[in-house]
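# Per-entry structural report
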Amino acid sequence: MAPAITLAADKLSAANTGFMLICSALVLIMTPGLAFFYGGMVRVKSTLNMLMMSFISMGIVTILWVLYGFSLAFGTDKGSFIGWTSDWVGLSNIGLTELWDGYTIPVFVFMVFQLMFAIITPALISGALADRVKFTAWSLFIALWATVVYFPVAHWVWGTGGWAFELGVIDFAGGTAVHINAGAAALGVILVIGKRVGFKKDPMRPHSLPLVMLGSGLLWFGWFGFNAGSWLGNDDGVGALMFVNTQIATAAAMLAWLAYEKIRHGAFTTLGAASGAVAGLVAITPSGGAVSPLGAIAVGAIAGVLCAMAVGLKYKLGYDDSLDVVGVHLVGGVIGSLLIGFFASGKGQSTVEGLFYGGGLTQFWKQCAGVFAVLGYSLVVSAVLAFLIDRTMGMRVTEDEEIAGIDQAEHAETAYDFSGAGGGSARTAVPAPADTDAKKVDA
């Protein structure tokens, strides 16, 4: 999914096909992992809503992708901005063994792999909107945003004929199309809908750090499919390089975040470890096929420190990014994408070399074009969509509902049942009648 990908593809490869189906499943598990990661970071009264904001994306985006999304993103190029292949509408007229052009995997396999990317991208946005968005409004936003933002941007970056693809912007697995796209969208929406009740006044600490760690672990695990699978096979070892660099950069970012946190705040926190790992995963996503393992350490460490610094911007600048989507995904995506211009070794996915390898700043300027075009487009269009929804059906729950808890208001459920907590045994809860034999009561 980076520029200049070509493989000899005269027949279907069972090995590559099986590998890509496994990678597709790994990418899908990232969305429930994200749900747990976000779900543990919110207060108890918002847990289920946070989980559902990710899970609903698996339903909505799947149907849209089948109906027209795949065609818009990867169909025949129309003016370098969008694709369209009518035979792919509803996935019609696609042969079971029809190969994706230039590869040894079926079109259906490429389609379903890309579907998993389309699912998780709008789910990433949800973390910025915790505690305060109507579920119906969020569901509509997903449908509209996927249609007018994600599908076109995916074509720009990965579709043959897309302007960023043809320019030579390197994005191995989604630094621009996924993370910058989602992070900029999150910023656009929260600027429209405003802050949570009690922002900067009430404590809004994570209610379950074990859930956060579980979610980050699932994300780390699934990300190997997300990244290594994006080479669409491993006939030349580039996918293996990406796999290795994913592990290295994630480890470096986690350690860097924790070191910054210890110096800045005096403690190594579990939330910092989980957030640092995700920051590293985000930053290596666009760059891992272009940099060496030592370069991956640099990318991860830089992202770990800068993302840790960026999460505090919301308090200084006054925007309420509930779970630091802007600080981790937008900033991490920008860092990972731009650092390709410095650390590309010329020995990975292409011969492109960055500044530190004698290639000058040519690739850096190409990366800037992709980064800021996606950032600006997603920010503006997402804000417009949020504004239109807010002015029609309303984006936010009422203040009373937000204070009482969005889980009960939107889903008529609560995450935890405390009705049996804190009491003694059932046998001692109700006193025995005076004329009842004690042994019968105890029984």
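Scroll up a little and you will see the structure.
Residues numbered from 1 in each chain as written. Predicted model: local features only at pLDDT ≥ 70, side-chain atom pairs only at ≥ 80, totals over all residues. Heavy atoms only, no water.

## Observations regarding the overall build of the protein
What counts here: The helix and strand labels rest on DSSP assignments: H or I over at least four residues marks a helix, E over at least two residues marks a strand, and numbering proceeds from the N terminus. Note that the radius of gyration is over C-alpha atoms, with the globule rule given as 2.2 Å times the number of residues to the power 0.38. Relative accessibility thresholds used throughout: buried, under 20% of the residue-type maximum; exposed, over 50%; partly exposed, between the two (1.4 Å probe, protein chains only). Note on contacts: a residue pair qualifies if any of its non-hydrogen atoms lie within 4.5 Å across the two residues. Working definition of accessibility: Shrake-Rupley area with a 1.4 Å probe, residue cover restricted to the visible protein chains.
From N to C terminus, the protein includes 18 helices and 2 strands. Against the 2.2 N^0.38 benchmark of 22 Å for 443 residues, the protein shows a C-alpha radius of gyration of 23 Å, consistent with a compact globule. In terms of principal-axis extent, the alpha carbons of the protein reach across some 90 × 55 × 50 Å. Expressed as a percentage of its 443 residues, the buried residues of the protein come to 56%. For the protein, the share of sequence-separated contacts (at least 6 apart) that also reach a separation of at least 24 residues comes to 77%. By element, 66% of the accessible surface of the protein is carried by carbon and sulfur atoms, the whole surface being about 17,500 Å².

## Comments concerning the nonpolar core
To keep things clear, this is the line we draw: Buried Ala, Val, Leu, Ile, Met, Phe, Trp, Tyr and Cys residues that are joined via side-chain atoms within 4.5 Å together make up what is termed a nonpolar core.
Trp65, Phe70, Trp100 and Leu129 are the most contacted members of the largest nonpolar core, which has 120 residues in total. In contact with Trp100, not counting residues within four places along its chain, are Phe70, Phe74, Trp88, Ile105, Pro106, Val107, Phe110 and Leu232.

## Considering the pattern of salt bridges
Put simply, the test is: Criterion for a salt bridge: a side-chain nitrogen of Lys or Arg within 4 Å of a carboxyl oxygen of Asp or Glu.
For the structure shown, the criterion picks out 6 salt bridges. Note that Arg196 and Asp131 form a salt bridge whose closest N and O atoms lie 3.3 Å from each other. Highlighted residues: Arg196 in the loop between helix 6 (175–193) and helix 7 (209–228) and Asp131 in the loop between helix 3 (107–125) and helix 4 (135–158), separated in sequence by 65 residues. The same class applies to Arg196 and to Asp131, which are both buried. Note that Asp390 and Arg391 form a salt bridge whose closest N and O atoms lie 2.9 Å from each other. For Asp390, a relative accessible area of 23% puts it in the partly exposed group. Three or more residues are tied together by salt bridges with common partners; here these are Arg43, Asp131, Arg196 and Asp320.

## Quick notes on the packing of helix 6 against helix 12 (residues 325–338)
So the rule is basically this: Only C-alpha atoms enter the line fits that serve as axes; for helices the fit covers just the stretch in contact. Angles between N-to-C directions range over 0 to 180 degrees. If you view the pair so one helix is near and one far, a crossing is left-handed when the near helix is turned anticlockwise from the far one by less than a right angle, and right-handed when it is turned clockwise. Residues are grouped as follows: Ala, Val, Leu, Ile, Met, Phe, Trp, Tyr, Cys and Pro are nonpolar; Asp, Glu, Lys and Arg are charged; every other residue, Gly included, is polar.
Axis separation between helix 6 and helix 12 bottoms out at 8 Å; the angle between their running directions is 145°. Where helix 6 crosses over helix 12, the two elements pack in a sense that is left-handed. Between helix 6 and helix 12, the residues in contact are Gly175, Thr176, His179, Ile180, Ala182, Gly183, Ala184, Ala186 and Leu187 and Val325, Val326, His329, Leu330, Gly333, Val334 and Ser337, respectively. In terms of residue class, the contact of helix 6 with helix 12 is made up of 9 nonpolar, 7 polar and no charged.

## Considerations on unusual backbone geometry
Located in the positive-phi region is Leu91, a residue other than glycine, with phi close to 55°. Take Leu91: it is sitting in the loop between strand 2 (82–83) and helix 3. Relative accessible area serves as the criterion here: at 15%, Leu91 is assigned to the buried category. In the Ramachandran plot, Asn93 falls in the positive-phi region, its phi being about 55° despite a non-glycine side chain. Locating Asn93 in the fold gives a position in the loop between strand 2 and helix 3. Asn93 sits in the exposed class, given a relative accessible area of 60%.

## Describing the environment of Met50
You can see Met50 is positioned in helix 2 (residues 47–74). Judged by relative accessible area, Met50 falls into the buried class, the value being 1%. Considered as a pair, Met50 and Ala123 are 73 residues apart in the sequence and their alpha carbons are 9.8 Å apart. Met50 has contacts with Tyr38, Gly39, Val42, Ser126, Gly127, Ala130 and Leu323, leaving out every residue within four places of it along the chain.

All we've got here are geometric facts, nothing functional implied.
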